[in-house]
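Results of the structural survey
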Amino acid sequence: MKESQPESPWKFRALSILILILGAGWIWISRIPAAAEGTERVTAPTKGFPAPDFSLRDSDGSIYELSSLKGKAVLINFWASWCPPCRTEMPAMEEVFELYQNQGVVILAVNSTIQDDPDEAKALFQELGLTFPLLLDTDGSVTQTYQVRSLPTSFFIDREGIIQEVIIGGPMSEALIISRIEKLLLPAKPVQP
């Protein structure tokens, strides 16, 4: 019977070096390229950061630009018609909209039409009698900019355009929405020297 001899150490070293070189090559190839010089970097869509600006058409063709709503409290709700929690929270958002629209509150329902049917979204709005704007994100760019990974996802934005809260999932109750809107409507705190 023959005893097995250990492999030579140089084969092990050569294999280790090959794996390191391949790993370094993979890291180099799959890296995220540096931002082009002179371009503006988009901040993370999280609490305390400015809400990324966007421009979308509503179901009637009117254009809504977030930056034009500065001075108003804004709730951006990302949703789809096939999403049960999205459908459930829509009537609560309508109640809040009716209560607060005269106080400078805007609710924008952003439908990611790349994963939904715009006709279904419009039909749901009509069925529920919703009066706040239905915005159609036809190419998914706004959904991507806001890094939406789950529906519904809601962003509460203050009058200065700063995200004050992000709520992932739902359905949100009318009481929850009102409590967040009330915070957005509070006067800004003076800056302490």
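Residues numbered from 1 in each chain as written. Predicted model: local features only at pLDDT ≥ 70, side-chain atom pairs only at ≥ 80, totals over all residues. Heavy atoms only, no water.

**Brief notes about the packing of aromatic side chains**
The final tally for this structure, using the stated rule, is seven aromatic pairs. For the ring pair Phe78 and Tyr146, a centre distance of 5.5 Å and an interplane angle of 45 degrees mean the geometry is tilted. Highlighted residues: Phe78 in strand S3 (residues 73-79) and Tyr146 in the loop between helix H4 (141-145) and strand S6 (153-157), separated in sequence by 68 residues. Tyr146 matches Phe78 in its accessibility class, with the two residues each being buried. Ring centres of Phe97 and Phe132 lie 6.0 Å apart, and the angle between their planes is 75 degrees; on these two criteria the pair is classed as edge-to-face. Residue Phe97 is found in helix H2 (residues 84-100), and its partner Phe132 is found in the loop between helix H3 (118-128) and strand S5 (134-136); the two are separated by 35 residues along the sequence. Just as Phe97 is buried, Phe132 falls in that class too. Grouping aromatic residues by their ring pairs yields a cluster made of Phe54, Phe78, Tyr146 and Phe155. (Phe/Tyr/Trp six-rings, centres within 6.5 Å; stacked < 30°, edge-to-face > 60°. Helix = DSSP H or I, 4+ residues; strand = E, 2+ residues; numbered from the N terminus. Buried < 20%, exposed > 50% of the residue type's maximum accessible area, 1.4 Å probe, protein only.)

**Some thoughts on the pattern of salt bridges**
Counted under the stated rule, the structure contains one salt bridge. A salt bridge links Arg180 to Glu165, with the shortest nitrogen-to-oxygen separation between them at 2.6 Å. Taken together, the residues Arg180 in helix H5 (residues 174-185) and Glu165 in strand S7 (residues 163-168) connect sequence positions 15 residues apart. Taking relative accessible area as the criterion, Arg180 reaches 18% and is therefore assigned buried. (Salt bridge = Lys/Arg side-chain N within 4 Å of Asp/Glu carboxyl O.)

**Re H2**
Compared with an ideal rise of 1.5 Å per residue, which puts 17 residues at 24 Å, H2 spans 25 Å between its outermost C-alpha atoms and is within 8% of the ideal. Along H2, the sharpest kink reaches roughly 30 degrees, centred on Met90 and followed within four residues by the proline Pro91. Looking only at H2, the buried set comprises Cys86, Glu89, Met90, Ala92, Met93, Glu94, Val96, Phe97 and Tyr100. (Expected span 1.5 Å × (residues − 1). Bend = angle between axes of the 7 residues up to and from the residue.)

**A word on the environment of Asp117**
When you line up the elements, Asp117 lands in the loop between strand S4 (105-111) and H3. C-alpha of Asp117 to C-alpha of Ala80: the two residues are 37 residues apart in sequence and 8.4 Å apart in space.

**Comments concerning the confidence of the model for the protein**
Across the protein, the average pLDDT comes to 85, with 82% of residues at 70 or higher. A low-confidence stretch, residues 34-39 (pLDDT under 50), is modelled with zero contacts involving residues beyond four sequence positions or located in other chains. (pLDDT = per-residue confidence, 0-100. Contact = heavy atoms within 4.5 Å.)

**Here's the deal with the environment of Thr153**
With respect to the helices and strands, the residue Thr153 is situated in strand S6. Thr153 gets classed as buried once you look at its relative accessible area, which sits at 4%. It is 5.2 Å that separates the C-alpha atoms of Thr153 and Phe78, two residues lying 75 residues apart in sequence. If we skip the residues at most four places from it in the chain, Thr153 touches Ile76, Asn77, Phe78, Val148, Val166, Ile167 and Ile168. Here Ser150 takes part through its backbone oxygen, which lies 2.4 Å from a polar atom of the side chain of Thr153. (Polar contact = N/O pair within 3.5 Å; in protein donor to acceptor, adjacent residues only side chain to side chain.)

**Things to note about the packing of H2 against H3**
Between H2 and H3, the least distance of the axes is 11 Å, while the angle of their chain directions is 40 degrees. Judged by the inter-axis angle, H2 sits oblique to H3. Relative to H3, the crossing made by H2 is right-handed. Here Arg87, Met90 and Pro91 of H2 come into contact with H3, specifically with Leu124, Phe125, Glu127 and Leu128. Residues belonging to the contact of H2 with H3 are distributed by class as follows: five nonpolar, no polar and two charged. (Axes fitted to C-alpha atoms, helices over the stretch in contact; angles between N-to-C directions. Parallel < 35°, antiparallel > 145°, perpendicular 65-115°, else oblique. Left-handed = near helix turned anticlockwise from the far one by under 90°. Nonpolar A, V, L, I, M, F, W, Y, C, P; charged D, E, K, R; others polar.)

**Digging into the layout of surface pockets**
Looking at the second largest pocket, its volume works out to about 160 Å³. Partitioning the lining of the second largest pocket into residue classes produces six nonpolar, two polar and five charged. (1 Å grid on protein atoms, 1.4 Å probe; cavity = no way out; pocket = protein on both sides within 12 Å on 5 of 7 lines; lining within 4 Å. Points joined across faces, edges and corners; volume = space filled by probe spheres on them.)

**Regarding the packing of H2 against H5**
Interaxial distance between H2 and H5 falls to 9 Å at its minimum, and their mutual angle equals 35 degrees. The interaxial crossing formed by H2 with H5 has right-handed handedness. For the pair formed by H2 and H5, the contact residues are Ala92, Met93, Glu95, Val96, Leu99 and Tyr100 on the first element and Glu174, Ile177, Ile178, Ile181, Glu182 and Leu185 on the second. Residue composition of the contact of H2 with H5, by class: nine nonpolar, no polar and three charged.

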